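Coordinates in review
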Amino acid sequence: MVTKGEDYAFARPSLVAFKRRKLQLQAGAERRVARRGLGYEYNDKALRRREREIVEQQERAYAVMTAHWQPHGPATASKNTT
């Protein structure tokens with residue numbers, strides 16, 4: 001993910017926004033009192049529950065997929081005897 005610059009597939013958007021805003025504040029960003037901004041959605045318990053349910057479903061699907069995964073070795077090159 002880091003080397004390819006990709007986001008985590010099972011990330012919860014409101015939680016990520018909340019954490020980013022928290023980091024911004026720790027880094028000295030301006031506090032915006034009484035204004036909704038990044039991370040505000042994390043205050044909505046119903047949204048957090050829905051996101052958590054979606055992520056749990058995705059993780060179960062991933063677990064099933066990896067449980068049925070069969071490793072395959074490298075293809076053997078056929079010998080050409082002429």
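Residues numbered from 1 in each chain as written. Predicted model: local features only at pLDDT ≥ 70, side-chain atom pairs only at ≥ 80, totals over all residues. Heavy atoms only, no water.

This paragraph deals with the overall build of the protein chain. The helix and strand inventory of the protein chain stands at 2 helices and 0 strands. Looking at the protein chain as a whole, 13% of its 82 residues qualify as buried. Residue pairs at least 24 apart in sequence account for 59% of intrachain contacts in the protein chain once pairs closer than 6 positions are excluded. (Helix = DSSP H or I, 4+ residues; strand = E, 2+ residues; numbered from the N terminus. Buried < 20%, exposed > 50% of the residue type's maximum accessible area, 1.4 Å probe, protein only. Contact = heavy atoms within 4.5 Å.)

With that settled, the discussion passes to helix α2 (residues 45-67). Under the 1.5 Å per step criterion, the end-to-end length of α2 is 33 Å for 23 residues, consistent within 8% with the ideal 33 Å. Residues of α2 that are buried include every one of L47, E51 and V55, and no others. The inward-facing, buried residues of α2 abut α1 (13-26). Measuring from the backbone nitrogen of A46 back to the side-chain oxygen at the start of α2 gives 3.2 Å, which picks out D44 as the cap. (Expected span 1.5 Å × (residues − 1). Polar contact = N/O pair within 3.5 Å; in protein donor to acceptor, adjacent residues only side chain to side chain.)

Further remarks concern the environment of L15. Following the sequence through the fold, L15 ends up in helix α1. Sequence separation of L15 and E41 is 26 residues, and the distance between their C-alpha atoms is 8.4 Å. Dropping the residues within four chain positions of it, L15 is found in contact with Y42 and E51.

Here the focus is the packing of α1 against α2. Between α1 and α2, the least distance of the axes is 8 Å, while the angle of their chain directions is 115°. Note on element contacts: α2 touches α1 through L47, R48 and E51, opposite P13, S14 and L15. Each residue belonging to the contact of α1 with α2 can be placed in one class, and the counts come to 3 nonpolar, 1 polar and 2 charged. (Axes fitted to C-alpha atoms, helices over the stretch in contact; angles between N-to-C directions. Nonpolar A, V, L, I, M, F, W, Y, C, P; charged D, E, K, R; others polar.)

Structurally, R12 is set in the segment before α1. E51 provides the closest opposite charge to the buried, salt-bridge-free R12, at an N-O distance of 4.4 Å. (Lys, Arg positive; Asp, Glu negative; His and termini not counted. Salt bridge = Lys/Arg side-chain N within 4 Å of Asp/Glu carboxyl O.)

Here α1 is 14 residues long and its end C-alpha atoms lie 20 Å apart, about the 20 Å a rise of 1.5 Å per residue gives. Residues of α1 that are buried in the fold lie against α2. Positive backbone phi, approximately 105°, marks G28, located one or two places after α1.

That is the geometry; function is a separate question.
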